[in-house]
Structures are given as structure tokens and as C-alpha cells.
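Chain by chain, the residues run as shown.
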Amino acid sequence: MNGPLVALADVVDDPIFSAIGFLNEIMTRYPDAISFAPGAPYLDGLDRAVLSDALDAFLKHSCEVEGLSPTAAWKRIIEYGPSKGIVNSLLARSLRDDYGIQATADDVVVTVGAQEAFLLILRCLFNPAKDQLAYVVPCFPGIRGAAAFLGINTVAIPENPAGPDLGVLREACATARAAGQRIAALYVAPDFSNPSGTIMSARARAELLELAAEEELLLLEDSTYGFSASEVGSVPPSLKARDTGGMVVQIGTLSKLCFPGARVGFVVAEQMARSATGGARRLAESLATLKNMTTVNTSPLAQAVAAGLLLRAGGSLAVRGMIQNGHYVRSRAALLDALDRHLPDAAELGISWTRPTGGFFLVVDAPIVLDHAALAACATEYGVLWTPMSDFYPDGGGSRSLRLSYSYLTQTQIDEGATRLARFLRTRLLASPTTEGTR
């Protein structure tokens, strides 16, 4: 090629940006492998007829409930739409009725997936020169990538079995103040977090809200997997539902409830915010203003189809979740059973795994390095894929752990995949009988 070599900004080389794309790339490289890698939803039965029916349901709702004419309803989904979205009322009503979140349509901004929500929130609330983002580790790479994209410094807060380590968080806030800075927000996923699958206890939620009020610390609550509990009612109320002081901004997505290709997420942000010019307005309005410079609006057609699926479930996020969740409950049980059967000597080998009661993931620990090189070997030699847990930690953590996603596989695939994974782990361990150091 002719011309000068283009100079790239330093941020492009940050490895966090390749963490999510890596999963798609490696699945392409090993198309015949059984993949426990991506946290994709189960889409069986979601054919063209179902999506067409969903679109019709939304158009009918637009006319009969919202009072639009058929022509206006159709034009709304094929033209540019408002930056805040067109399904806000439906989402707000479901959040109130299903989850006790006192939201109105004005409090909701519909985004292009949760990832755009992260970018808008961080850009709207953070001054990179003085504000830091805290996040609970292990952590979904999307929020860390959004912070890196915007040049925002981050602080890792370790996760305990019941929730984030509040002592470390309090100390981090004090350290930031002493340096003339502040931790402006904490990103947390209380319900079956990605990747660890842990659930924050009711007591830990109450204590975190108290600390947030004391430190004037916003909580960015990722509610992606709250619907996926094995038993109805086993998940404590969300941070947003318990929030009486305006300390919680909730991020949600319809990708897991409907289908990921829709790319429809949302933010609930009713807080009043002060602008640099001294004026005050709802935080949701400010997020929508910034959205005019990112994606302008979330595809109205995609919103309509996703909302139509909700309407077919009575307009309920919770009911839609229950429709989807039966598969996840069965798949989770199938994977746990398969690991028990195919690794009966796990304790002797030093292998263990979590036993989540919801979400899409479980974590396997072993006394060997389970990095990208090990993954490539496993894919090539055994035909099974997984995700290194090191992708979810800063500075090299999680090197002896892997994440398994059971969300979109059949039970036959799960059993065969567990068989192959067991062979891989046992072979690697027997090849290094002294193990590769301590965990």
C-alpha cells in the first residue's frame, strides 16, 4: 500500500478491547468445536413467524393503547425515532409491576444494548481528570472497556461470596479523596454476575446502599441476569428497587430475554443532575442528549420487535424471563451433573467448580494455567471451547480458572462437551503431576 503509516492512539492497543471480540473470533476459527464460550441466549423456536407476530403485536398496541393511527404506528418504526426510545412506557410499567422499581417513561433511555448504556453513563457523569470508576472483580469486560475507551481510571474491588468487599471499597474512596480525586461510581451486578455467577445477599445490598449514601457514590447496577433464578422469589429485590436516595442507576438489556440481534438495552436514571452551566434536569434527559452524538437513536424496528415479544408475555419482563428460563434451569442442572459424572476424581485432582442457582455461567478452578494458549490447545486437540477467567481480571488474575457458559447449548452438547473438557483437564494435570504452583 502507498502513503504514510497511520499513527494510532495508545488506547487502541489496550487488550481489554479484544476480550469480547476474542470469543467470536475463536468460535469462527474452530466452527466444529462445542463452545461453552459465549454467554448467548437460547433462541430455539424464535423463527421469522414469531418475530413477525411480535411486530404485529407492537403495532396493534401502538394503535389500541397509545392511540396512534395505523399509518402513524407504521411510520414510527421505519423512520428516525426519538433518542430516548419508543418503548419507554412499556418498560417503565413492567419495571414497576414486576420488580417494584418506581420508574416512569421519562426515567428510561433505550440504548443500543447495555454497552452503549455504559458509554453514555460514564461520559455523562465522569470527569477523567478527577473521577474514578470502581468495579467488582471478576468483572464483565464491557464496563472496563468503556472506561478505557473514555480514558477513565478504574479501581478493582474484590468480590466476597455475599457481595463486594465493602472495607476495600471504603478504603479506596478515602484514598481517592486524599489524592484530590473521587470514586464517582461502583459498577456491580448483584444477580448471578458475569462471570462468577454469584448473587449478592439481601444484607450486603442494604449495606452497599448505606455506604453509597455515606460516600455519595453512585451504584451502576447491571440487571442482565436477574430473571434467571432456579426458583421464583429466590433473588432479593434489586438495588434499584430498594433505593430511596437516588443512588442507583440501573442498566438492563433485552438481549437475553428476547434476542441479541435486536441490540436493545435500557437505562433507568430518574436522578436530577446539575450541568456545568448550573442548570438541573433529569439524568435520563442528559443521557439522551449525549446519545444524539453516538447512535442518534436505537433502531425503532428492533425496539418494536423486542417489545412485541414482551407484549406476547403480557407486557411483562418477568413473564418473558420465565418463558426463557426453563431452558437455563435444565441446562445448568445438566452441566453440573455432567461434571460430576465425568470428573468423579475432581477433588483428588485439585479441580472444583461453582454451583450457581441462576445466570448463564459456572467457573472451574484447576491447579494448571488456563490461559488463551491452553484454550487453543483444548480447541485443537479436544474440540471444546471455554473462556479464560483471566479475561475478567486486571493484572493477571484468574489464570487458573475458566468460565463455562451453558446457556445456549443442548443437553446432548453439554454432556459431550463436559466429556471432552474432563479429558483435557485430566491429561494436562497428569502431564504436570506437581501442578503449576499454588493458586
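Everything in this summary refers to the structure shown in the same document. All figures in this text were calculated on a predicted structure; none of them were measured in a lab.

**Quick word on the sheet that holds strand 6 (residues 182–188)**
For sheets, the rule is that strands pair by backbone hydrogen bonds, running either parallel or antiparallel.
Next, step 1: In space, the eight strands of this open sheet follow the order 2-9-8-7-6-3-4-5, with mixed pairing throughout. A single partner strand is all that each edge strand has here, and the edge strands are strand 2 (108–111) and strand 5 (163–164).
Next, step 2: Examined bridge by bridge, strand 3 (residues 131–137) and strand 4 (residues 153–160) share six bridges and lie parallel to one another. Each bridged residue has a counterpart across the sheet, and for V136 the counterpart in strand 4 is I157.
Next, step 3: Together, strand 2, strand 3, strand 6, strand 7 (218–222), strand 8 (248–253) and strand 9 (265–268) form the strand contacts of helix 5 (residues 113–125), whose direction differs from that of strand 8 by roughly 155°.

**Notes on the sheet that holds strand 15 (residues 387–388)**
Next, step 1: Spatially, 12-13-16-15 is the arrangement adopted by the four strands of the open sheet, whose pairing is antiparallel. Two strands close off the open sheet at either side, each with one partner strand: strand 12 (352–353) and strand 15.

**Looking at the packing of aromatic side chains**
Next, step 1: By the definition in use, this model includes 10 aromatic pairs.
Next, step 2: On the basis of an interplanar angle of 55° and a centroid distance of 6.3 Å, the ring pair of F118 and F140 is categorised as tilted. A residue pair is termed long-range when its members are at least 10 positions apart, and F118 in helix 5 and F140 in the loop between strand 3 and helix 6 (141–149) qualify at 22 residues.
Next, step 3: Note on F118: relative accessible area 2%, which makes it buried.
Next, step 4: Residue classification places F140 among the partly exposed residues on the basis of a relative accessible area of 22%.
Next, step 5: Between the aromatic rings of Y328 and F360, the centroid separation amounts to 4.5 Å while the plane-to-plane angle is 40°, which identifies the pairing as tilted. Of this pair, Y328 sits in helix 12 (residues 317–342) while F360 sits in the loop between strand 12 and strand 13 (361–365), and the two are 32 residues apart along the sequence.
Next, step 6: Taken together, the ring pairs connect Y225, F227, Y328, F360 and F361 into an aromatic cluster.

**Brief notes about the nonpolar core**
Next, step 1: Within the largest apolar cluster, 41 residues are counted, with the highest numbers of intra-cluster contacts made by L335, I351, W353, W386, L404 and L425.
Next, step 2: Those elements that provide at least two residues to this core are helix 1 (19–29), helix 12, helix 13 (346–349), strand 13, helix 14 (372–382), strand 14 (384–385), strand 16 (401–405) and helix 15 (411–431).
Next, step 3: For this core, the element with the highest residue contribution is helix 15, accounting for seven residues.
Next, step 4: Dropping the residues within four chain positions of it, L425 is found in contact with L343, I351, V364, I368 and L370.

About the thresholds
- Residues numbered from 1 in each chain as written.
- Predicted model: local features only at pLDDT ≥ 70, side-chain atom pairs only at ≥ 80, totals over all residues.
- Heavy atoms only, no water.
- Pairing = 2+ DSSP bridges.
- Helix = DSSP H or I, 4+ residues; strand = E, 2+ residues; numbered from the N terminus.
- Contact = heavy atoms within 4.5 Å.
- Axes fitted to C-alpha atoms, helices over the stretch in contact; angles between N-to-C directions.
- Phe/Tyr/Trp six-rings, centres within 6.5 Å; stacked < 30°, edge-to-face > 60°.
- Buried < 20%, exposed > 50% of the residue type's maximum accessible area, 1.4 Å probe, protein only.
- Core = buried A, V, L, I, M, F, W, Y, C linked by side-chain atoms within 4.5 Å.

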